[in-house]
Amino acid sequence: MNWRAVKSIYRFEMARAGRTLAQSIVSPVLSTSLYFVVFGSAIGGRISSINGVSYGAFIVPGLIMMSLLTQSVANASFGIYFPRFTGTIYEILSAPISAMEIVIGYVGAAASKSIILGVFTSAFFVPLRVAHPFWMLSFLVLTAVTFSMLGFILGLWADGFEKLQIVPLLVITPLTFLGGSFYSINMLPPFWQKVTLLNPVVYLVSGFRWSFYEISDVTVGISVAMIAVFLGIFLAIIAWIFNTGYRLKT
């Protein structure tokens, strides 16, 4: 394993956050803060608690997960797309570095940035109680890594900046809003509860919320299995891309 190459890619991507401060840090922090003000303050004044947890505290895991999903995809997709756009991707491909090392560098940096932003922009609003710190960190890291891989795939697939926004805006964000980030799916009518279970984000948010308050809409084991399924699928797709050279050699 060429850790020097991995470290170089990782440090370069982390430094990019400082060079694009408004886009990488200020914008997501402001957006998540506004979500908390609107939902936590305005709606929280009408809903005192859910399952014994104050509404303001109840939505924090959902806000962290929403920021985690969107930022993981956005950071990883732009991180790998920009070298393709400028042509510097060929320098990386010709260097003595394996596909695994390239993925670790880009995905690791994207996951690190999304974790920092997700926790920083949400956790300081209200006092939090973390019932299972190990599982909280496990859900946090695994989700960030998994969806950074999705972003890496999107960055290789996209042939324009517009395509980089399609999946985050039209798929990830709607699924997150409808995935129980701001409410418990048990509050929905029985029919819509069943429909909502088709949304994979429900399992991510529910498992992450359980690690805080020991309350969940679905079985925690299913949440862990869902992350494992996503991780396996995205790993297989990345392996296929490097084996075939899809969007890398043309």
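Up top is the structure.
Parameters at a glance
- Residues numbered from 1 in each chain as written.
- Predicted model: local features only at pLDDT ≥ 70, side-chain atom pairs only at ≥ 80, totals over all residues.
- Heavy atoms only, no water.
- Helix = DSSP H or I, 4+ residues; strand = E, 2+ residues; numbered from the N terminus.
- Buried < 20%, exposed > 50% of the residue type's maximum accessible area, 1.4 Å probe, protein only.
- Contact = heavy atoms within 4.5 Å.
- Areas by Shrake-Rupley, 256 points an atom, 1.4 Å probe, with all protein chains shown as cover.
- Lys, Arg positive; Asp, Glu negative; His and termini not counted.
- Charge placed at Lys NZ, Arg CZ, Asp CG, Glu CD.
- Expected span 1.5 Å × (residues − 1).
- Axes fitted to C-alpha atoms, helices over the stretch in contact; angles between N-to-C directions.
- Parallel < 35°, antiparallel > 145°, perpendicular 65-115°, else oblique.
- Left-handed = near helix turned anticlockwise from the far one by under 90°.
- Nonpolar A, V, L, I, M, F, W, Y, C, P; charged D, E, K, R; others polar.

S.K.: Please clarify how the overall build of the chain should be interpreted in this entry.
M.R.: Scanning the chain from N- to C-terminus turns up ten helices and two strands. Along the chain, helices and strands appear, N-terminal first, in the series α-α-β-β-α-α-α-α-α-α-α-α. Overall, the chain is about 60 × 35 × 35 Å in size when its C-alpha atoms are taken along their principal axes. Among the 250 residues that make up the chain, the fraction classed as buried is 49%. The contacts of the chain with a sequence gap of at least 6 include a subset with a gap of at least 24, amounting to 79%. Working note: accessible area of the chain is about 12,000 Å², and carbon and sulfur atoms make up 70% of it. Between the averaged position of the 14 positive side-chain charges in the chain and that of its 7 negative side-chain charges there is a distance of 3 Å.

S.K.: Explain the environment of Thr-219 to me, please; I cannot follow it from the model alone.
M.R.: One can find Thr-219 in the loop between α9 (200–213) and α10 (220–244). Exposure remark for Thr-219: the relative accessible area of 52% places this residue in the exposed category. The spacing of Thr-219 and Ser-206 is 13 residues in sequence and 8.4 Å in space, taken between C-alpha atoms.

S.K.: Which parts of the structure should I look at to understand helix α3 (residues 55–86)?
M.R.: Because an α-helix completes one turn every 3.6 residues, residues spaced three or four positions apart along the sequence face the same direction. Its 32 residues place the ends of α3 46 Å apart at the C-alpha level, agreeing with the 46 Å of an ideal helix rising 1.5 Å per residue. Gly-87 sits one or two positions beyond α3 and adopts a positive phi of about 90°.

S.K.: Is there a simple way to think about the side chain of Ser-114 in this case?
M.R.: Relative to the helices and strands, Ser-114 is located in helix α5 (residues 99–122). By relative accessible area, Ser-114 is classed as buried at 0%. For Ser-114, the contacting residues outside a window of four places in its chain are Leu-68, Gln-71, Ser-72, Asn-75 and Ala-144.

S.K.: Honestly, the packing of helix α6 (residues 133–157) against α9 in this entry has me stumped. Any pointers?
M.R.: To characterise two packed helices, one gives the angle between the axes of the helices and the distance between these axes. Taken N-terminus to C-terminus, the directions of α6 and α9 make an angle of 155°; their axes are 8 Å apart at the nearest point. By the angle class used here, α6 and α9 are roughly antiparallel. In this structure, the crossing between α6 and α9 has a hand that is left-handed. Of the residues in α9, those touching α6 at Trp-135, Met-136, Phe-139, Leu-140, Thr-143 and Phe-147 are Leu-204, Gly-207, Phe-208, Trp-210, Ser-211 and Phe-212. A breakdown of the residues in the contact of α6 with α9 according to their chemical character gives nine nonpolar, three polar and no charged.

S.K.: Explanation requested: the packing of α3 against α6 in the structure shown.
M.R.: Between α3 and α6, the least distance of the axes is 7 Å, while the angle of their chain directions is 35°. Both α3 and α6 take part in a crossing whose hand is right-handed. Contact residues: α3 offers Ile-64, Met-65, Leu-68, Leu-69, Ser-72, Val-73, Ala-76, Ser-77, Ile-80, Tyr-81 and Arg-84, while α6 offers Leu-140, Thr-143, Ala-144, Phe-147, Ser-148, Leu-150, Gly-151, Phe-152, Leu-154, Gly-155, Leu-156 and Trp-157. Considered class by class, the residues forming the contact of α3 with α6 number 16 nonpolar, six polar and one charged.

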